[in-house]
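This is what each chain is made of:
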Amino acid sequence: MASFSDQLEEIKTLISSNAKSYKSFAYSTLLQLQEQCSSDTCSIQSLAQESQSVLSQIIVDIADDDEEIASQALKCLGFMIYHPSLVVAIPVEDADFIVQSLAELIVTTKMKTVCNLGVWCISIQQFSASFLATHFHCLLRAIVHALDNPIGSLSTTYEAIQAVMKLVTELREKMINTSNIWAPSIYRRLVSVDKRERDMSERCLLKIKSAILPPSLTLSKALVIDMTQKLLPGMKEMLNLGMKVQTMQAWGWFIRLLGSHAMKKRHLVNEMLKIPELTFSDHDPQVQIASQVAWEGLIDALIHPPLQACETNKTAQENGVQKSGTSTRNNSEIQTHGFSKSVKLIMTPLIGIMLSKCDISVRSSCLNTWCYLLHKLDISVNDPLVVETVLAPILEAVFQTGPDSRSIWLWNLCVDLFDDFVLAKSRGVDCDLNHQVSDLSARTSILGLPIPGKCSWKHYPIKWLSWDLSKLDFHIKMICTLINQGSKLSVLPENRILACEAAIRIFRSVLKGVQIEMKNPSIDYNQILLCLNTILRFTKKISEDVGLADTGIVELHYTFLQFVEAVTTELEPSILGSPLYKVAFDIKYIDRPLSVYDINHAEVLGIRSIAYMDMVSPVVYLTMLYVYIAVHATFDAPKMEFILLGVQKHFKLLMSLYDPLENLCATIVLLYKHMRVSCLNIWVAIAQGLEDYIKDVKDLSPLKTELDSYGCLAVCHLLSYPFVLRSCLPKQSSLTKISGSSQRKLELEHVTEVWKSLYGFVNSASRFECSNTNIFSEDLCSMLSRCLDENSSKLDYDTELDPSDKKQYLDLLSLCGDIVIYILEHTLTLRVNSEGTKNKDDDCSMSSSGINSSLGLIARFMRMPCTIMGTDAPICLAMTSRVFNALVRFVGHLHLKQNILSYIEIMSSSLLQWLSHVEKWDESTIHKLGLLWTETLNCLRRSQPPIIFDSSFLKLQAPLLEKTLDHPNPSISDSTIAFWNSTYSEQIQLDYPQSLCHVLDKLSRSGRINLCKRTPSFLQKCNSRVEVATPQRYKVTATKNRSSKRVELVEATVNDSGDKDKPSPSLKRKRLELTEHQKEVRRAQQGRERDTNGHGPGIRTYTSVDFSQGNEESQESQEIRNPESIFEKLRRAS
C-alpha cells in the first residue's frame, strides 16, 4: 500500500492533467483522503502542506463545465476552508481568490448542484470575520441570488438560508444594516403555499431574530411595500384556503418587522388587524392559540422600552434637532396618548378571551401573551395607567372565575404574580433596577404543557418597582375580588379555602409595604390617616359581606378574623394605638337598635359605650369588628376549637401590644350589645386571653386609670357576662329553640372553670389585692346579684315556663351555684393563705362590705331554687345542697360580731324561705339545711364581742325562731330550742314579739323551753296561789303606747322569811333605773342563788297585749322597732 505522501503526489499529478476521467478520480481520492485524516493530527498537517500546491487548480475546477468535476472540486474546497488546520494554512491571496470565485460561481452557474455546493461552501467556511468583511458585498450578492434563485430550487434556498445565518453570526452589524436587502427574500416565503418553504423561512427568522428585531427603518419600509403588493393579499388567500394557523404565524412576523413604523402606517395596520379579528373568534383552539402567539408581534411593534425612547431623544439632539419646552411637552402628551391607545388595542382581545369560556389551552396561551406584554413594558409596567389597563383586567378576570380543577394553575400563576408585585415594596426601594426583576423569572419555564400548582409561562422577567400608597386602592380591589369569589355558595370548599388563603397572603404583603411607607419621613399625617381609613374601610366591607350576608360559610368568618389579625400584627402599635390617629366608627350595624330587655344590659355601668360615628383609635375599630364577626360566626365542630384558640391568642396580643383597658372595654361593650349563644364561646376565648395576658405581665396596673375602680369594673362586667347572657337567652325570640343547636354544645362546666380561673387569678394578683380587692369583690357580687334579682322577678311573673326557658334557667342556676361555691371557698383560701393557719379569733380576709356583697349574692341565689323548684327539683336540690355545704364551712369561720350580724341580716329572708317549705325538700337537702341552721346558731353564740340577746335582737330573729322552734324536723327544732335555752332564757327582761307568743306558749307549757330565768318558779307559785285562793296585788302602769299596758304582779310572801326577801318599792325603782347589762347579769346571778329550784319571790310576766316593761323602757322600745335602727344600736354597743 502506497504511503500518504505518495498518494498526495499521485493526486496532484492527476488533478493537473487535462483528462476529465483522471480529474474525477483524483478529486474522489482526495475527498476520501481528507475524510480519513480529519481525526489524525499528523496526517492533517501533511495534507495542509501539500494542499497549497493543488489549491489553485481546485479553484479553477469549481467552474468547470463538467458538473461532476465541479461538484467534486467544491466538496474538496469546502473541506479545506472548513477545517481549522487547513484554513489557517491558506494564504490571504488564495483566500481572496476563493471567496471571489465562489461568489461569482453562485451568480453565474446554471447548474443546480454546483450552485448548492457553492452556497454550502460559504455557509461552512471558517474565515475570520475581518476577512469576510472585506468581501461582504460580493458574498451578500451571491446569497441573495441563491435565496431567490432562478432555478427555483428549495435546496439552493435552504443552503442560502444557512449562509445567511452564518453571516449574521460573523458580520452581525453589517447584516442588520443590510437586512432590507436579504430579509425580504426570507419573510416573503411565509405566505407560500409550500409548507417546506414556510418552515425553512420561519426557522431562519427564529435563529436570526436578534438581527432583524427590532427592525431597522429601511427593513420596515421594505416590508410596507411588500405588504401592500404581495404579503397582505397572500395572507388573505391563505385564509380562504383554510390555512388560518399558517396565516397567523406569518402575520406575527410581519407585524414585528413593521416595528415602530407601524404607528406611521395606521391604515396598513388596520388592514392587517382585520386578519386576527377573524381568527380570535374562531372556534378552533389551535387557530386561537396561533392568534395569541402572533399577537406578541403586535406587542413588539407597539411597545418600546423607555431606554429606547431615551436613546432616540439623544440621537435627535446630537443631530441638532432642538425643541422648545412647549414642543417637548406637547410631544410627550402625544406619545402618552398614543401609548395608551396602543396598550388598550393590545389588551382588548386578551380580556375578551380571559372572560370567555374558551378552552383552557387558549386561556393559557392568552396568559403567556399577557406576561410577555408585562415584560415588554419594562418599568412602565408600574405606571398607574398600565396597572389600570393591563394588570387589573386580567387579574380580575382570572380571580372572578376562581380556581377549579382545570384552571387552578392559571389561577395560582396570577396569584403568585400579583403577590410578587406587592412584595416589590418590601424588597427595598433603593435596589438597582437590574436586581429588582421579579423572582417569578426563576420559577418560569419555556412555553409548554402547564404544570399544576407551579408558575408556567415564558421566561419573561417583569420589572416590578417599589410602589407607594397611591397603589393601595388597587391592591385592596384585587383582594376584594378574591374574597368575593370565595364567598360564592357554588364554590367548592377546597377552592374557597384556596381563595381565602391567597387573599390573606396578599393582604399581609400589602400591609408590609404599607408599614414601610409609613416609616418614610416624607409621608405626612393626612396620608397616614387616609391610608388607615382605606384599610379600615376594607375590613368593614369584608365584615359586612361575612356578617350581614349570613351565608353560614365558616371559612369566610375565619378569613375575616385573619384579616384583622394581620392588620394588628403587621402594622405597628404606634400607629394603630396612637391617640393622634382617630377614625370615625362608621359601622352602623354594630350599633343596632336594642330590644326592651337588652336595654338593661347594653349600657354597661361605668363604661362608655361606643356609638355610631364616634371617633376611636384604629385598634378599637378593629377590635369591635373582630368581636362582632367572632360572636356571629357559625362554627362547625372541626373548626370551632381552632378558631377559638385564634381568638384567645389574638386577644392576648391586643392586650400586650395596645392599651389593655381600652380594648377590654370595647370588647365588653360589644358583647353586651349582642346577646347570642355563640357569644359564650367567644367569652371563653376572651377570658382565657385576658388571663394569659395577666399571667405574663404579672401586674394589673395596666388595667388601672386615675380612677382605681375603672379597671376593676371592666373585669367585673366581663365576669358577669355569662350570667347576663343566660338571663337574656330565654327572651330572645330567635333563640327559643336552641337546645339542639351546635352553638350550645359548649359545656357549662368549661365556662365555670374558665370563670373560676380568671376570677381567682385577678382576685389574687398582688396589685389588685393591695388596692382594689374590696371594690372588685363588691362590684362583681353586686352585678351578679342584680342579674339574679331580674331573673327572680321574671320567674315570679312567668308562672308557666316553656321547656326552652326552663332549660335556660336551670343552666343559670347551675352556673350561679358553682360560682357561689367558688367565691365562698376562695374567700376561705385567701384567709388561710394570709394567716398561714386557721385562727378562730380572726375572720376571713375580707372587709365587712366584701362579706356583705358576697352574702347578698348567696341570699339571692338561694331564693332562685325556691322560685323554679317546680321545673326540675332534683337538679335544683343537688346544686342547693352543694351551696349549703360551702355556706356551712363559710359560716364556721365567722367570729366577728359585725360580720355575724351582717350574715343574719342578709340571710334571714332566704333561710326563712327554705325553712318554711321543708315539705318540698328531700332528706339530703333537709339534712344540709339543718347543718346550716345549726352552724348559724353556733356562730351567734361564739360572737366576739358577744351578742346581747335582748328584746331588740329577739325581734330581729322572731320570724326565723317562729319557724324553727317548733319545726317539723327534729334536728332543726332541737338545735333551736337548745339555742333559746342558752341565750334568751338566760335574760331577765324580754319583750316578746306577737308572732312568737303561740310558739313560746306551746313549748313553755310542755316544759321544753324556759321563757326567762324566773318564769318557771313564778308560774308554779301562781298555780299554788290559785289553789289556796290567796289574794294577789296588781300594779297597772300606763305606757306611752295607748294599746299597751303593763300589768305587774307581785306575789305576797307566806312566811316571815319571805317578807325579808321581798324587795322594797324604793329598791325596786332603783333597780329599774339601772338597766345596764352588767347589773342585769348580776341580778340574774343573785336570783339563782336565792332560788335554786327556780322559784323566785316575785317576777314580772306579760299579757298578750302588753309587752313594755315600764315607762322608762317603753320609750326605748318604741325607738328600736326599725330593723336598721336595731343593727345600728347593736354595732354601737359592740
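Computed from a predicted structure; not experimentally measured.

Colleague: Which residues make up the overall build of the chain, and what values do they have?
Modeller: The helix and strand tally for the chain stands at 51 helices and four strands. Within the span of the chain, comprising 1134 residues, buried residues form 53% of the whole. Across the chain, every contact between residues at least 6 apart in sequence was considered, and the portion connecting residues at least 24 apart equals 79%. By element, 53% of the accessible surface of the chain is carried by carbon and sulfur atoms, the whole surface being about 50,500 Å².

Colleague: Quick one: what's the story with the pattern of salt bridges, residue by residue and with numbers?
Modeller: Counted by the stated rule, this structure contains 32 salt bridges. A salt bridge links Asp148 to Arg189; the shortest N-O distance between them is 3.4 Å. With Asp148 in the loop between helix H9 (136-147) and helix H10 (154-170) and Arg189 in the loop between helix H12 (179-187) and helix H13 (195-207), this pair connects stretches of sequence that are 41 residues apart. Taking relative accessible area as the criterion, Arg189 reaches 13% and is therefore assigned buried. Here Lys512 makes a salt bridge to Glu570, at a shortest N to O gap of 3.4 Å.

Colleague: Quick rundown of the packing of aromatic side chains? Include the residues and the values.
Modeller: What the rule picks out here adds up to 26 aromatic pairs. When the ring of Tyr187 is compared with that of Phe254, the centres are 6.2 Å apart and the planes differ by 75°; the resulting orientation is edge-to-face. Taken together, the residues span a long stretch of sequence, with Tyr187 in helix H12 and Phe254 in helix H16 (residues 244-258) at a distance of 67 residues. By the ring-pair criterion, three or more aromatic residues cluster together here, those being Phe949, Phe953, Phe979, Trp980, Tyr984 and Tyr992. One cation-aromatic arrangement involves Arg256 over Trp253; the distance from NZ or CZ to the ring centre is 5.8 Å.

Colleague: Give a detailed account of the environment of Lys20, specifying residues and quantitative values.
Modeller: Relative to the helices and strands, Lys20 resides in helix H2 (residues 20-37). When the C-alpha atoms of Lys20 and Ile69 are compared, they prove to be 7.5 Å apart, with 49 residues separating the residues in sequence. With sequence-adjacent residues up to four places away left out, Lys20 is seen in contact with Asp64, Asp66 and Ile69.

Colleague: How would you summarise the side chain of Thr568 if you had to cite specific residues and measurements?
Modeller: Turning to its location among the elements, Thr568 is positioned in helix H27 (residues 554-570). Overall, the relative accessible area of 2% leaves Thr568 in the buried class. With residues up to four places along the chain from it excluded, the contact list for Thr568 reads Leu576, Leu622, His650, Leu654, Leu657 and Tyr658.

Colleague: I'd love a proper account of the environment of Asp586, names of residues and values included.
Modeller: Here Asp586 is to be found in the loop between strand E1 (583-584) and helix H29 (599-602). Note: C-alpha distance between Asp586 and Met613 (27 residues apart in sequence) is 5.0 Å. Look past the residues within four positions of Asp586 in its chain and what remains in contact with it is Lys540, Tyr612, Met613 and Tyr621.

Colleague: Got a sec to walk through the nonpolar core? Specific residues and values, please.
Modeller: Of all hydrophobic cores here, the largest spans 338 residues; its most connected members are Trp182, Tyr187, Trp251, Phe254, Trp370 and Trp755. Contacts of Tyr187, omitting those with residues within four sequence positions, involve Ser201, Leu205, Leu219, Ala222, Leu223, Asp226, Leu231, Phe254 and Leu257.

Colleague: Go over unusual backbone geometry with me, naming the residues and quoting the values.
Modeller: In this structure, Pro214 follows Leu213 across a cis peptide bond, with omega equal to -5°. Cis geometry is found at the peptide bond from Gln944 to Pro945, where omega equals -10°. Mapped onto the elements, Pro945 comes out in the loop between helix H42 (923-941) and helix H43 (951-964). Backbone geometry at Asp378 places phi at a positive 60°, although glycine is not the residue there. Tracing the backbone through its elements, the reader meets Asp378 in the loop between helix H21 (360-376) and helix H22 (384-401).

Colleague: Just give me the short version of helix H1 (residues 4-16), but keep the residues and values in it.
Modeller: Given 3.6 residues per helical turn, the α-helix brings residues three or four places apart onto the same face. Across its 13 residues, H1 extends 19 Å between first and last C-alpha, which sits within 8% of the 18 Å expected from 1.5 Å per residue. Residues of H1 that are buried sit in contact with H2 and helix H3 (41-61).

Colleague: Mind laying out the state of the cysteines, listing which residues take part and the relevant values?
Modeller: Tallying each qualifying case throughout the model produces zero disulfides. Here Cys781 stays unpaired: no disulfide links it, and the sulfur of Cys716, its closest cysteine neighbor, is 8.6 Å away. For the unlinked cysteine Cys787, the closest cysteine sulfur is that of Cys816, found at 6.3 Å.

Colleague: Residue-level account of the packing of H3 against helix H6 (residues 92-108), with values.
Modeller: Between H3 and H6, whose axes approach to 10 Å, the crossing angle comes to 20°. In terms of axis orientation, H3 runs roughly parallel to H6. The two elements H3 and H6 meet at a crossing, and its hand is left-handed. Residues Gln52, Leu55 and Ile59 of H3 form the contact with H6, whose participating residues are Asp94, Phe97, Ile98 and Ser101. Taken together, the residues of the contact of H3 with H6 sort by class into four nonpolar, two polar and one charged.

Colleague: Account for helix H17 (residues 266-280), with residues named and values stated.
Modeller: Spanning 15 residues, H17 covers 20 Å between terminal C-alpha atoms, matching the ideal 21 Å at 1.5 Å per step. Along H17, the positions that sit buried rather than exposed are Leu268, Val269, Glu271, Met272, Leu273, Ile275, Pro276, Thr279 and Phe280.

Colleague: Could you give an account of the packing of H9 against H10, with specific residues and numbers?
Modeller: In contact at an axis separation of 8 Å, H9 and H10 are set at 145° when each is read in the N-to-C sense. The crossing of H9 and H10 is left-handed. In this structure, H9 contributes Leu139, Ile143, Ala146 and Leu147 to the contact, and H10 contributes Thr156, Thr157, Ala160, Ile161, Ala163, Val164 and Leu167.

What counts, and at which threshold
- Residues numbered from 1 in each chain as written.
- Predicted model: local features only at pLDDT ≥ 70, side-chain atom pairs only at ≥ 80, totals over all residues.
- Heavy atoms only, no water.
- Helix = DSSP H or I, 4+ residues; strand = E, 2+ residues; numbered from the N terminus.
- Buried < 20%, exposed > 50% of the residue type's maximum accessible area, 1.4 Å probe, protein only.
- Contact = heavy atoms within 4.5 Å.
- Areas by Shrake-Rupley, 256 points an atom, 1.4 Å probe, with all protein chains shown as cover.
- Salt bridge = Lys/Arg side-chain N within 4 Å of Asp/Glu carboxyl O.
- Phe/Tyr/Trp six-rings, centres within 6.5 Å; stacked < 30°, edge-to-face > 60°.
- Lys NZ or Arg CZ within 6 Å of the ring centre and 35° of its normal.
- Core = buried A, V, L, I, M, F, W, Y, C linked by side-chain atoms within 4.5 Å.
- Expected span 1.5 Å × (residues − 1).
- Disulfide = S-S within 2.5 Å.
- Axes fitted to C-alpha atoms, helices over the stretch in contact; angles between N-to-C directions.
- Parallel < 35°, antiparallel > 145°, perpendicular 65-115°, else oblique.
- Left-handed = near helix turned anticlockwise from the far one by under 90°.
- Nonpolar A, V, L, I, M, F, W, Y, C, P; charged D, E, K, R; others polar.

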